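A look at the structure
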Amino acid sequence: KFLMPGLWDMHVHSLYAGRPELFFPMFLANGVTGVREMGSSMPFEKINAIRQQIEKGKLAGPRFGAVTGKILDDTAWGPEIEAVTTPDEARSAVKKHKFEGADFIKVYDGLSRPVYFAIVDEAKKLHISFAGHLPLSIDAAESSDAGQKSIEHLFGIMEACSSKEQEIKQQPNSNARGEMLLSSFDSTKAHNLFQKFAANQTYQCPTLSFIRTLFDVDYDRWLANDPRLEYIPAASREKWKEEMNQMPASIPWGNSFFLKLLAMVKEMHELQVPILAGTDAGLGNPYTFAGFSLHDELAALVQAGLTPLQALQTATINPAKFLHKENEFGSIEKRKLADIVLLNANPLEDIHNTTQIYAVMANGKYFSRADLDRLLADAKAKALEK
């Protein structure tokens, strides 16, 4: 057998009504023993209660290394979004999140420059980190210099590497915009930006497994044949199907765009930009599966050019360093937390061997293969109930 640290998914949305009982078994059965919660509709009182139950061994689920509450954006377009439109509102929101128990503040696409920098200033005063999307009003280099701890999905990075950055930002999403991004890619500009990320230790959480679904035009395969759909409630499956059917029959630049993102991740890694494995697992994003998709993410990172060991580090020791808890988890050592995965095959020879799980130990509790199969059966049953 082959022993490795428990895996971490550093971008999930699992703390919504009805999701813990569905997602937690899927995480554990896939060796995901820790997560970072990137936005929740639950009140902090409920979030903290779930977190404490897991830590005390009263609830089987992944360790929550960091949680945030509602996402801060310019409009409240969903139950997990809090609208902040002025610097004063931004400062009040940061104070409220800090008081209620958030580990970090999540920023989003629509924040204006004054509001974003008010969040930055207040977060620094209160000694709470901020992470999330790169707002459209903010340059990638600015966010890094401001201290944004992680940038999610590589959103805005391709624009920041374009010789026509400002012109592209004015373009609506279209084939013309995608083609312009590719044709105007500036290697020198990209190299300088990635060096800044490395110097500032601005982590990147690419969520390649999620982004791939946005550009994979062979989506009938996702709709009809993926056996993991059995773990998704019928209403969500129908919503995913509708969203995919609304996509154009082809995206001429889609495959080239995804390959460019892979090349960017490779260069970032070579320049020592810290990378986190994450999936954006949640019922809102088509074809992301709690637990399962992390293995897709590791495979995508290897496709980008990381070795299997380097890919594994994005889901083990890198999350520990990001959370300043490398003395607690991230490697197999005495006196570290007992979050461990036992495999039937060596993942350093083939990254897909991370799926060959024989047993999992989460928070010191041993789950045999039979136990893991029961967890998956429970998740399927829960999906049928919804």
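Placed above this text is the structure.
Residues numbered from 1 in each chain as written. Predicted model: local features only at pLDDT ≥ 70, side-chain atom pairs only at ≥ 80, totals over all residues. Heavy atoms only, no water.

1. Concerning the sheet that holds strand β3 (residues 32-37)
Quick note on the threshold: Strand pairing is assigned whenever DSSP identifies at least 2 bridges connecting the two strands. Helix numbers and strand numbers start at the N terminus; a helix is a DSSP run of H or I with at least 4 residues, a strand a run of E with at least 2. Axis lines are fitted to C-alpha atoms, over the contacting stretch for helices. Their N-to-C directions set the angle, which ranges from 0 to 180 degrees.
Strand order in this open sheet of three strands is β2-β3-β4, and the pairing throughout is parallel. Each edge of the open sheet carries a strand with a single partner, namely β2 (7-12) and β4 (63-67). Strand-to-strand, the axes of this sheet are offset by a mean angle of 20°, without reference to chain direction.

2. Here we look at the side chain of Asn353
Heads up, the rule is: Exposure classes here rest on a 1.4 Å probe applied to the protein chains alone. A residue is buried below 20% of its type maximum, exposed above 50%, and partly exposed in between. Contact between two residues is taken to exist if any of their heavy atoms lie within 4.5 Å; hydrogens are not considered.
Among the secondary structure elements, Asn353 is positioned in the loop between β11 (340-343) and β12 (357-362). Take Asn353: its relative accessible area is 15%, and that puts it in the buried class. The residues contacting Asn353, other than those within four sequence positions of it, are Leu343, Ala345, Asn346 and Pro347.

3. Some remarks on the state of the cysteines
Heads up, the condition is: The disulfide criterion is simple: two cysteine sulfur atoms within 2.5 Å.
As enumerated under the stated definition, the model contains zero disulfides in all. In this structure Cys161 is not part of a disulfide, and its nearest cysteine sulfur, from Cys205, lies 18 Å away. Owing to a relative accessible area of 0%, Cys161 belongs among the buried residues under this scheme.

4. Some thoughts on helix α10 (residues 208-215)
Summarising burial for α10: six of the eight residues are buried, a large majority. Listed as buried for α10 are Leu208, Ser209, Phe210, Ile211, Thr213 and Phe215.

5. A short note on the environment of Met180
The residue Met180 is located in helix α8 (residues 175-183) in this model. Residues Met180 and Leu301, 121 residues apart in the sequence, show an inter-C-alpha distance of 25 Å. Not counting the four nearest positions on each side in its chain, Met180 is found in contact with Lys164, Glu167, Ile168 and Gln171.

6. Considerations on the nonpolar core
Quick note on the threshold: Only buried residues count toward a nonpolar core, which is a set of Ala, Val, Leu, Ile, Met, Phe, Trp, Tyr and Cys residues joined through side-chain atoms within 4.5 Å.
Core analysis: the biggest nonpolar cluster contains 106 residues, and Ile119, Ile157, Phe194 and Phe197 have the highest contact counts within it. Look past the residues within four positions of Ile157 in its chain and what remains in contact with it is Ala140, Ile151, Leu193, Phe194, Phe197, Gln204, Met264 and Met268. With 14 residues, the next largest nonpolar core counts Trp8, Met10, Ile317 and Ala320 among its residues.

7. A closer look at the sheet that holds β11
Here we have four strands laid out as an open sheet, ordered β1-β11-β12-β13, and antiparallel in their pairing. Edge positions in the sheet fall to β1 (2-5) and β13 (365-367), since each of these pairs with one other strand and no more. On average, each strand axis in the sheet is inclined to that of its neighbour by 20°, with strand direction left out of account.

8. Details of the pairing of β12
Where β11 meets β12, four bridges bridge the pair, whose relative direction is antiparallel. Looking across to β12, one finds that Leu342 is bridged to Ala359. Linking β12 to β13, which pair antiparallel, is a turn of two residues; within it Asn363 sits at a positive phi near 55°.

9. Regarding the packing of helix α13 (residues 254-270) against helix α14 (residues 292-304)
To keep it simple, the criterion reads: By the definition adopted for this analysis, an angle is roughly parallel if under 35 degrees, roughly antiparallel if over 145, roughly perpendicular if from 65 to 115, and oblique otherwise. Note that Gly is not counted as nonpolar here; it falls among the polar residues with everything else outside the nonpolar set of Ala, Val, Leu, Ile, Met, Phe, Trp, Tyr, Cys and Pro and the charged set of Asp, Glu, Lys and Arg.
Packing of α13 against α14 brings their axes to within 8 Å, and their N-to-C directions diverge by 80°. Relative to α14, the element α13 is oriented roughly perpendicular. Counting all contacts with α13, which are made through Leu262, Val265 and Lys266, the residues of α14 involved are Ala300, Leu301, Gln303 and Ala304. Partitioned by chemical class, the residues of the contact of α13 with α14 number five nonpolar, one polar and one charged.

10. Points about the pairing of β2
Inclusion rule: For crossovers, right-handed means that the path from the first strand over the helix to the second runs clockwise, given strands pointing away from the viewer.
The buried fraction of β2 amounts to six of the six residues, a majority that puts the element mostly inside the structure. Once you follow β2 into helix α1 (residues 20-29) and on to β3, the crossover reads as right-handed.

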